[in-house]
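Chain by chain, the residues:
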Amino acid sequence: MNLIAAVDANWGIGYKGKLLVSIPKDMKLFQEMTMGKVVVMGRKTLEGLPGGIPLAGRTNFVLTSRTDFRIRNATVVHSVEEARKELEHYRDEDIFVIGGESIYRQFLPFCSVAHITKIDEKFEADAFFPNLDEKCDWKISADSEEQTYFDLEYRFLKYERILSE
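What counts and how
- One numbering rule holds for all chains: residues counted from 1, following each sequence as written.
- Totals for whole chains, interfaces and linings use every residue, but because this is a predicted model, local features are given only for residues with pLDDT of at least 70 and side-chain atom pairs only at 80 or more, for both listing and counting.
- With hydrogens and water stripped out, all remaining heavy atoms of the structure feed into the side-chain values.
- A run of DSSP states H or I qualifies as a helix once it reaches four residues; a run of E qualifies as a strand once it reaches two. Both are numbered from the N-terminal end.
- Centre distance within 6.5 Å is the pairing criterion for rings of Phe, Tyr and Trp, where only the six-membered ring of Trp is used; planes under 30 degrees apart are then read as stacked, over 60 as edge-to-face, and the remainder as tilted.
- Using a 1.4 Å probe on the protein chains alone, a residue whose accessible area is under 20% of its type maximum counts as buried, one over 50% counts as exposed, and one in between counts as partly exposed.
- The salt bridge criterion pairs a side-chain nitrogen of Lys or Arg with a carboxyl oxygen of Asp or Glu, the two atoms within 4 Å.
- Among the buried residues, those of types Ala, Val, Leu, Ile, Met, Phe, Trp, Tyr and Cys that are joined through side-chain atoms within 4.5 Å form a nonpolar core.
- In this description, contact between two residues means that some pair of their heavy atoms is separated by no more than 4.5 Å.
- At least two DSSP bridges between two strands are needed for those strands to be called paired.
- N or O atoms within 3.5 Å of each other form a polar contact, as long as, within protein, one can give a hydrogen and the other can take it, and as long as residues adjacent in sequence are counted only when both atoms are side-chain atoms.
- Any pair of cysteine sulfurs within 2.5 Å is marked as a disulfide.

Things to note about the environment of aspartate 151
Tracing the backbone shows aspartate 151 in the loop between β11 (147-149) and β12 (152-161). Taking the C-alpha atoms as reference points, aspartate 151 and glutamate 121, separated by 30 residues in sequence, lie 9.6 Å from one another.

Here's the deal with the packing of aromatic side chains
In total, this model carries 6 aromatic pairs according to the counting rule given. With centroids separated by 4.8 Å and ring planes inclined at 75°, the aromatic side chains of tyrosine 149 and phenylalanine 150 adopt a geometry described as edge-to-face. Note on tyrosine 149: relative accessible area 27%, which makes it partly exposed. Where tyrosine 154 meets phenylalanine 156, the ring centres are 5.5 Å apart and the plane angle is 75°; that geometry is what we call edge-to-face. Of the two residues examined, tyrosine 154 and phenylalanine 156, each falls in the buried class.

Considering the pattern of salt bridges
This structure, assessed with the given rule, holds 10 salt bridges. A salt bridge links glutamate 93 to arginine 91, with the shortest nitrogen-to-oxygen separation between them at 3.4 Å. The partner of aspartate 94 in a salt bridge is arginine 91, with the nearest N and O atoms 3.0 Å apart. Through salt bridges with shared partners, a single ionic network connects Lys37, Arg91, Glu93 and Asp94.

Side note on the nonpolar core
Among the nonpolar cores identified, the biggest contains 29 residues, and Leu3, Val97, Phe107, Ile116, Phe129 and Leu132 are the most heavily contacted of them. For this core, the elements supplying multiple residues, two or more each, are β1 (2-7), β4 (38-42), β5 (59-63), α3 (80-87), β7 (95-99), α4 (101-107), β8 (113-119) and β12. Those residues in contact with valine 97 that sit more than four places away from it in its chain are Met1, Asn2, Leu3, Ile4, Val40, Ile103, Tyr104, Phe107 and Cys111. Residues Leu46, Leu49, Leu55 and Ile98 belong to the second largest nonpolar core, which totals 12 residues.

Topic: the pairing of β8
The buried fraction of β8 amounts to 7 of the 7 residues, a majority that puts the element mostly inside the structure. Sheet analysis places β1 next to β8, joined by 6 bridges and oriented parallel. Residue pairing in the sheet places valine 7 in a bridge with lysine 118 of β8. Strand direction decides the pairing type here: β8 and β12, joined by 7 bridges, are antiparallel. Its bridge partner being in β12, isoleucine 119 is matched across the sheet by tyrosine 154.

Comments concerning the side chain of lysine 118
Considering the arrangement of structural elements, one finds lysine 118 in strand β8. The buried category is assigned to lysine 118, whose relative accessible area is 18%. Side chain to side chain, lysine 118 and aspartate 133 meet in a polar contact 3.4 Å long. Setting aside residues no more than four positions away along its own chain, lysine 118 makes contact with Val7, Asp8, Ala9, Trp11, Asp133, Glu153, Tyr154, Arg155 and Leu157.

Digging into the state of the cysteines
Under the defined criterion, the tally for this structure stands at 0 disulfides. Just so you know, cysteine 111 is unpaired, no disulfide at all, and the nearest cysteine sulfur is the one on cysteine 136, 17 Å from it.

Notes on the pairing of β5
Where burial is concerned, most of β5 is hidden: 4 out of the 5 residues are buried. Pairing analysis gives 5 bridges linking β4 to β5, with the strands arranged parallel. Across the sheet, valine 39 pairs through a bridge with asparagine 60, a residue of β5. Examined bridge by bridge, β5 and strand β6 (residues 75-77) share 3 bridges and lie parallel to one another. From the neighbouring strand, leucine 63 faces β6, where its bridge partner is valine 77.

Just geometry here; none of it tells us what the structure is for.
This is the structure:
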């Protein structure tokens, strides 16, 4: 499975239910990478999407503890175990975990690739992605040239889990 996120210099991903910043090239990359694939998200992430509706052109899974929660065009699951059972029908490389914080933390042990847009700026944040630079089993395997959007500098990084032998 893959994780995909945009993080600031402190690995922040959001504040008060919103993304920290919207960078067009990052949004385009997200769309290109996830189109036609499976996306896994929490209910709050779904509600933060435009219109609060599942992403078009993708198979959407929403993890929530709310047993009464229903949404069209998405499969609702209530535990990581239930999600993993449903996801067995798809190829690992076609599954992208897209947030939020608790979903990233719960699925990190099952993922082998993380696509991270690392923004060289510190924003006020109340939601964070696990800091992969502090995890000895995750290494950067690809690094783009530095990109600029107005006064923001960022890079597209690919982290891969190093399997112990």
